[in-house]
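# Geometric and topological summary
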Amino acid sequence: MSDTARPRVRMTGVQRRQQLLDVGRELFAQRGYEATSIEELAARADVSKPVVYEHFGGKDGLYAVVVDREMQRLLDRFTSALAEGGSPRELLERAALVLLDYIEEDTDGFRVLSRDSPATGVSGGTYSSLIGEVARKVEHILGAQFDARGYDRQLAELYSQALVGMVALVGQWWLGTRSPGKQEVAAHLVNLSYNGLAHLEAAPGLVSRPAGDPGP
């Protein structure tokens, strides 16, 4: 039987760019920036190295676009969830579930964001900068709540960093454990952040149920 070469799939420029982004997202999630080579990226996409350079200028450029795309995707989720309004507790629940949903549904994207940034500093889009952006959105909401309750609005920044940082670190931990389930993790996060250690509930639950959840 003759050994014939596999025909290369012809794609438009837009299709090829998207394919390279998908391949880069997968490899950067699996191996990290430093361990992923331009040769491996090209081989996985079944293209020559010059094609990667043509679209992104190299590995650095591809990584930067992948990170920026994932940051925007997650920020859009947070923005949508927090814009719906609701009680402070409901907003906390939504914020926690946004991150946990993203980890569950877009695991590769979260792995890319939560890995250490490249030593070359090719992208400003790091997990810490993402969390900072989310904290600024939460700060605006907390500021309004502090005003309504007569608290010092200047403290909203501190509290927003604390709340978002707690959720972010738990998300990184949950990425590897996936236990308990995300509903229970979110309930415990809100239990601590909303009730405080002095008033923890023995068996916390979520006030708002996700669509399609019939409850107990």
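Refer to the structure presented above.
Everything quoted here is computed from the prediction, not taken from an experiment.

### Some remarks on the layout of surface pockets
Empty space within the largest pocket amounts to approximately 570 Å³. Lining the largest pocket are 23 residues, and of these P88, L92, L142, L163 and S193 lie nearest its centre. Of all the secondary structure elements, the ones that give two or more residues to the lining of the largest pocket are α4 (59–83), α5 (88–105), α7 (127–149), α8 (156–177) and α9 (182–195). In the lining of the largest pocket, the residues fall into 20 nonpolar, 2 polar and 1 charged.

### Focus: unusual backbone geometry
The omega torsion of the bond from S179 to P180 falls at 0°, within 30 degrees of zero and hence cis. Note that P180 resides in the loop between α8 and α9. The phi angle at D46 is positive, at roughly 60°, despite the residue not being glycine. Even without a glycine there, the phi angle at R178 is positive, about 55°.

### Thoughts on the nonpolar core
In terms of nonpolar packing, the biggest core is built from 58 residues, with L74, L99, L113 and Y127 touching the most fellow members. For this core, the element with the most residues is α4, which contributes 10 residues. Residues contacting L74, with those up to four places away along its chain left out, are V98, L99, Y102, L113 and L130.

### Re the pattern of salt bridges
Charged atoms that come close allow side chains of opposite charge to pair. For the coordinates displayed, the defined rule picks out 17 salt bridges. The shortest N-O distance in the salt bridge between D106 and R73 comes to 3.9 Å. Of the two residues, D106 sits in the loop between α5 and α6 (107–114) while R73 sits in helix α4, which places them 33 residues apart along the sequence. The buried category is assigned to D106, whose relative accessible area is 13%. Classification of R73 as partly exposed rests on a relative accessible area of 31%. Across the pair R77 and E105 runs a salt bridge whose closest N-O atoms are separated by 3.3 Å. Residue R77 is found in helix α4, and its partner E105 is found in helix α5; the two are separated by 28 residues along the sequence.

### A closer look at α7
Three or four residues apart is the spacing at which side chains of an α-helix point the same way, because the helix has 3.6 residues per turn. Taking 1.5 Å per residue as the helical rise, α7 with its 23 residues ought to reach 33 Å, and the 32 Å between its terminal C-alpha atoms agrees with that figure. The set of residues buried in α7 consists of Y127, L130, I131, G132, V134, A135, V138, I141, L142, G143 and F146. For α7, the elements touching its buried residues are α4, α5, α6 and α8. Of the residues flanking the end of α7, it is G150, one or two places downstream, whose phi is positive at about 80°.

### Concerning the environment of Q183
With respect to the secondary-structure elements, Q183 resides in helix α9. When the C-alpha positions of Q183 and L97 are compared, they lie 7.5 Å apart, and in sequence the two are 86 residues distant.

### Concerning empty space enclosed by the protein
Over the atoms a probe the size of a water molecule is rolled, and this reveals where empty space is left. For the structure shown, the criterion picks out 1 cavity of 30 Å³ or more. In this model, the largest cavity occupies a volume close to 40 Å³. When contributions to the lining of the largest cavity are tallied by element, the ones reaching two or more residues are α5, α8 and α9. Grouping the constituent residues of the lining of the largest cavity by class yields 7 nonpolar, 1 polar and no charged.

What counts, and where the lines are drawn
Residues numbered from 1 in each chain as written. Predicted model: local features only at pLDDT ≥ 70, side-chain atom pairs only at ≥ 80, totals over all residues. Heavy atoms only, no water. 1 Å grid on protein atoms, 1.4 Å probe; cavity = no way out; pocket = protein on both sides within 12 Å on 5 of 7 lines; lining within 4 Å. Points joined across faces, edges and corners; volume = space filled by probe spheres on them. Helix = DSSP H or I, 4+ residues; strand = E, 2+ residues; numbered from the N terminus. Nonpolar A, V, L, I, M, F, W, Y, C, P; charged D, E, K, R; others polar. Core = buried A, V, L, I, M, F, W, Y, C linked by side-chain atoms within 4.5 Å. Buried < 20%, exposed > 50% of the residue type's maximum accessible area, 1.4 Å probe, protein only. Contact = heavy atoms within 4.5 Å. Salt bridge = Lys/Arg side-chain N within 4 Å of Asp/Glu carboxyl O. Expected span 1.5 Å × (residues − 1).

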